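Residues per chain, in single letters:
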Amino acid sequence: MSQSPTRDDFDRYMVPNYSPQQTIPVRGEGSRLWDQDGREYIDFAGGIAVNALGHCHPALVSALKEQADKVWHLSNVYTNEPALALAKSLVERSFADKAYFCSSGGEANEAAFKLARRWAYDNVGAHKDKIISFRQSFHGRTLFTVSVGGQPKYSEGFGPIPGRIEHAVYNDLDSVRALIDDETCAVVVEPMQGEGGVVPADPDFLSGLRTLCDAHQALLVFDEVQSGVGRSGHLYAYMHYGVTPDILTSAKALGGGFPIGAMLTTDRVAPSLAVGTHGSTYGGNPLACAVALAAVETIDTPEVLEGVMHRHALFKEHLEAINREYDIFKEVRGLGLLLGAEMAPAYAGRAKEILPLAMEEGLMALVAGPNVLRMAPSLVISEAEVREGMARLERAVARFVQDA
Ligand SMILES: *Cc1c(COP(=O)(O)O)cnc(C)c1O
């Protein structure tokens with residue numbers, strides 16, 4: 001038998017930018033995973049809001065296998081059937097007229113921010129280059145996207161960073177009014193902040209941003225990398241709010257576990273990404289697009305989307321029951337199946353300590369910042385798995401509170 005890799009190999013061979021849990025999962029099916037020793041886990045983490053149909057969903061596996069026997073890659077010198085089919089599907093299901101494909105959320109945002117600046121440059125002038133985003137926001141890890149992101153710790157030490165980016169306060173329209181002017185080319189916002197602590201936007205805030213952008217001829221960019229593709233109970237969260245952006249970025253759940261990103265926009269804006277202005281070698285990769293098409297078609301159905309609403313209520317019910325018993329959370333919030341439980345003041349900053357305890361009990365979960373326990377399970381997780389996962393979480397919480 002050949003020797004299996006171990007967690008020690010991570011420290012030995014990999015750049016130390018992550019600190020993964022000790023366990024190495026080797027196989028997944030639906031909302032369950034198994035590690036090297038055959039121990040089973042319930043997955044409330046979903047690969048950080050990626051595995052929207054769980055692990056190895058039959059529709060995605062068959063789309064991948066079918067495409068694997070046809071053609072894997074062509075570059076952008078040629079187009080391909082899966083990319084065209086996915087673009088058509090996304091356009092028909094959304095506000096968008098045009099799609100651009102890449103391989104990650106950060107890359108989709110990079111394209112969105114470049115497009116916003118280029119559109120303003122083409123239509124108004126080079127001085128209209130200011131981007132407004134929000135504190136605590138997260139838009140990716142490229143230098144441009146961390147700079148637009150509202151968490152300075154992620155861009156610290158990587159300067160000089162791109163200029164003319166200003167940060168307002170999330171859900172505070174007055175703070176945007178104070179910054180926006182005719183040199184603003186874009187306002188960039190997550191309809192629900194994910195990494196920043198699972199904070200849904202107030203409806204008036206998003207509609208107010210739309211009005212401010214229109215008044216200043218600025219583009220409204222929704223980063224739906226985490227909130228998109230069914231997570232909110234709608235295909236995209238903008239549909240929940242009834243506020244339409246000019247540019248929307250999507251990734252994470254879009255590929256259900258296969259790397260893909262997309263930027264969607266309108267016929268008014270798209271022409272500024274003219275031939276030669278932007279690109280990505282892997283963008284529109286046939287394998288990625290075939291899987292994403294299967295994911296979108298499976299998720300954007302009444303059964304799955306209504307099921308998200310139902311499961312949201314179930315998750316909330318259980319988290320609130322745990323809270324009644326242990327008084328550990330200050331608030332449980334979120335939309336659809338992106339849920340955050342903010343720690344009570346007595347446990348401030350300690351959300352992360354629950355994760356290894358949960359793993360010992362057989363449950364995978366996430367945090368969003370130091371103070372919020374986050375869950376982003378499969379959109380089709382079974383009720384029985386929710387109940388069993390919550391029983392495991394409760395045992396972890398009991399141990400956490402006891403040791404605290
Ligand atoms: C995860 C995330 C990104 C970055 O996506 P990557 O695929 O890691 O580049 C961008 N925006 C939001 C809102 C995200 O949650």
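Here we summarise the structure given alongside this text. (Residues numbered from 1 in each chain as written. Predicted model: local features only at pLDDT ≥ 70, side-chain atom pairs only at ≥ 80, totals over all residues. Heavy atoms only, no water.)

### Thoughts on the nonpolar core
Under the convention used in this document: To form a nonpolar core, buried Ala, Val, Leu, Ile, Met, Phe, Trp, Tyr and Cys residues must be joined to one another through side-chain atoms within 4.5 Å. Three labels apply to residues, based on accessible area from a 1.4 Å probe with only protein chains included: buried if under 20% of the type maximum, exposed if over 50%, partly exposed otherwise in between. The way it works is that DSSP assigns letters per residue, a run of H or I at least four long becomes a helix, a run of E at least two long becomes a strand, and they are numbered from the N terminus. Boundaries between domains were set according to an automatic or database domain assignment. Whether two residues touch is decided by their heavy atoms; if any such pair falls within 4.5 Å, the residues are in contact.
F205, L209 and L393 are the most contacted members of the largest nonpolar core, which totals 100 residues. Broken down by element, this core gets its largest block of residues, nine residues, from helix α10 (residues 286-299). The two domains that each donate at least three residues to this core are domain 1 (7-56 + 302-403) and domain 2 (70-299). The residues touching L393, leaving out its near neighbours within four places in the chain, are L319, I322, I354, L363, L373 and M375. Counting residues in hydrophobic clusters, the runner-up holds 22 residues, among them C102, L115, C185 and V269.

### Some points on the pattern of salt bridges
Worth spelling out the cut-off: Any carboxyl oxygen of Asp or Glu that lies within 4 Å of a side-chain nitrogen of Lys or Arg is treated as forming a salt bridge with it.
Tallied over the full model, the rule gives 27 salt bridges. Put simply, D300 and R93 hold a salt bridge, and the shortest N to O gap is 2.9 Å. Of this pair, D300 sits in the loop between α10 and α11 (302-326) while R93 sits in helix α4 (residues 81-93), and the two are 207 residues apart along the sequence. A relative accessible area of 22% means that D300 is categorised as partly exposed. Each of R32, E40, E385, E388 and R392 takes part in a single network of salt bridges with overlapping partners.

### Considerations on helix α3 (residues 58-68)
Count 3.6 residues to each turn of an α-helix, and residues three or four apart come out pointing the same way. Selection criterion: Directions pointing from the helix axis toward each C-beta atom define the arc.
The set of residues buried in α3 consists of L60, A63 and Q67. End-on view of α3: buried residues confined to an arc of 65°, all on one side of the axis. Across α3 from its buried face, at more than 90 degrees, point the exposed residues P58, K65 and E66. Close packing links the buried residues of α3 with α4 and α10.

### Let's talk about the packing of aromatic side chains
What counts, and what does not: Only Phe, Tyr and Trp rings take part, Trp by its six-membered ring, and two of them pair if their centres are within 6.5 Å. Stacked means planes under 30 degrees apart, edge-to-face means over 60, and tilted covers everything else. Comment: the charge-over-ring label is applied if NZ (Lys) or CZ (Arg) is within 6 Å of the ring centre and within 35 degrees of the ring normal.
Throughout the structure, instances matching the rule amount to eight aromatic pairs. The interplanar angle of 55° and the centroid separation of 5.4 Å between the aromatic rings of Y347 and F400 together place this pair among those described as tilted. Residue Y347 is located in the loop between β14 (338-343) and α12 (354-361), and its partner F400 is located in helix α13 (residues 383-403); the two are separated by 53 residues in the primary sequence. According to the relative accessible area criterion, F400 is buried, its value standing at 2%. Among the aromatic residues, those joined into a ring-pair cluster are F134, Y170 and F205. Above the plane of the ring of W34 lies R27, whose end atom (NZ or CZ) is 4.3 Å from the centre. For the cation-ring pair, R141 lies above Y154, with the distance from its terminal atom to the ring centre recorded as 4.0 Å.

### Description of the site of the ligand
Stated precisely, the cut-off is as follows: We define proximity as follows: a residue is near a molecule or strand when any one of its heavy atoms falls within 4 Å of that partner. N or O atoms within 3.5 Å of each other form a polar contact, as long as, within protein, one can give a hydrogen and the other can take it, and as long as residues adjacent in sequence are counted only when both atoms are side-chain atoms. With residues, only the protein chains shown are counted as cover, and all accessible areas are computed by Shrake-Rupley using a 1.4 Å probe. Residues are grouped as follows: nonpolar covers Ala, Val, Leu, Ile, Met, Phe, Trp, Tyr, Cys and Pro; charged covers Asp, Glu, Lys and Arg; every other residue, Gly included, is treated as polar.
Every residue near the ligand is listed here: S104, G105, G106, N109, F138, H139, G140, E190, D223, V225, Q226 and K252. Within the side chain of K252, an N or O atom sits 2.6 Å from an oxygen atom of the ligand. About the coverage of the ligand: the protein hides 81% of its 390 Å² of free accessible area. Take the shell around the ligand: its biggest share by element is three residues, from helix α5 (residues 105-123). Within the shell around the ligand, the residues separate by chemical class into two nonpolar, seven polar and three charged.

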